Amino acid sequence: MPTPDDVRRYIAAGLECSVLEVSGDGQHFEATIVSEAFAGKTRVQRHQAVYAVLGDKMRQEIHALSMKTITPDEWKAIGG
């Protein structure tokens, strides 16, 4: 069963993030992901980018992942 640290490592290995926070219970996870790679992308495209990084882990290890995917400018605007 993956830990939040495992999920954090999986995402960080494939996506450059300025902020990456993951919490969860081994099956259900919540992540805040701040990346310049999200600039100009819709929320769906941002989530697809994260799912692409996670690949088969989404089917085999991670039951559910709730994400906040934001750019560094959006992060600053909300006080991050």
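Relevant structure appears above.
Residue indices begin from 1 for each chain and proceed along its sequence in written order. This being a predicted model, a pLDDT of at least 70 is required before a residue's local features are given, and a value of 80 or more before pairs of side-chain atoms are given or counted; all residues contribute to the totals for chains, interfaces and linings. Where side-chain values are given, they derive from all heavy atoms of the structure, hydrogens and water being excluded.

## What to know about the overall build of the chain
Each helix is a run of H or I in the DSSP string that is no shorter than four residues. Each strand is a run of E no shorter than two, and both are numbered from the N terminus. Counting its secondary structure elements, the chain contains four helices and three strands. Taken from the N to the C terminus, the helices and strands of the chain come in the order α-β-β-α-α-β-α. The C-alpha extent of the chain, read off along each of the three principal axes, is 35 × 20 × 20 Å. Taking all 80 residues of the chain together, the buried fraction comes to 35%. For this count, His and the chain ends are skipped, Lys and Arg are scored as positive, and Asp and Glu as negative. To locate a charge, take atom NZ for lysine, CZ for arginine, CG for aspartate or CD for glutamate. The centroid of the 9 positive side-chain charges in the chain is displaced by 4 Å from the centroid of its 11 negative side-chain charges. Throughout this description, buried means an accessible area under 20% of the type-specific maximum (1.4 Å probe, protein chains only), exposed means over 50%, and partly exposed covers the range between.

## A closer look at the pairing of strand S2 (residues 28-34)
Among the seven residues in S2, five count as buried, and that is most of the element. We treat two strands as partners when DSSP finds at least two bridges between them. Note: strand S1 (residues 19-24) against S2, six bridges, orientation antiparallel. Bridging across to S2, valine 19 finds its partner in valine 34. The antiparallel hairpin formed by S1 and S2 contains three residues in its connecting segment, where glycine 26 sits at a positive phi of about 105°. Inspection of the sheet shows S2 paired to strand S3 (residues 64-70) by seven bridges, in the parallel sense. Bridge pairing in S3 places isoleucine 33 opposite threonine 69.

## Remarks on the environment of proline 2
Relative to the assigned elements, proline 2 resides in the segment before helix H1 (4-14). Judged by its relative accessible area of 7%, proline 2 is buried. Taking C-alpha positions, proline 2 is 15 Å from serine 66, a pair spaced 64 residues apart along the chain.

## Section: the packing of aromatic side chains
The aromatic pairing rule takes the rings of Phe, Tyr and Trp, using the six-membered ring of Trp, and pairs them if the centres are within 6.5 Å, calling planes under 30 degrees apart stacked, those over 60 edge-to-face and the rest tilted. Tallied over the full model, the rule gives zero aromatic pairs. Positioned above the aromatic ring of tyrosine 10 is the side chain of lysine 57, whose terminal nitrogen or guanidinium carbon lies 4.8 Å from the ring centre. The rule is short: NZ of Lys or CZ of Arg within 6 Å of the ring centre and within 35 degrees of the ring normal puts a charge over the ring.

## Things to note about the pattern of salt bridges
Any two side chains of opposite charge can pair, on the condition that their charged atoms come close. Only one rule defines a salt bridge in this text: a Lys or Arg side-chain nitrogen within 4 Å of an Asp or Glu carboxyl oxygen. Counted according to the given criterion, the structure contains four salt bridges. Measuring nitrogen to oxygen at the nearest pair gives 2.4 Å for the salt bridge that ties arginine 9 to aspartate 6. Here arginine 9 and its partner aspartate 6 are both found in helix H1, three residues apart, which amounts to about one turn of the helix. For aspartate 6, a relative accessible area of 16% corresponds to the buried category. The closest approach of N and O atoms between arginine 59 and aspartate 56, which form a salt bridge, is 2.4 Å.

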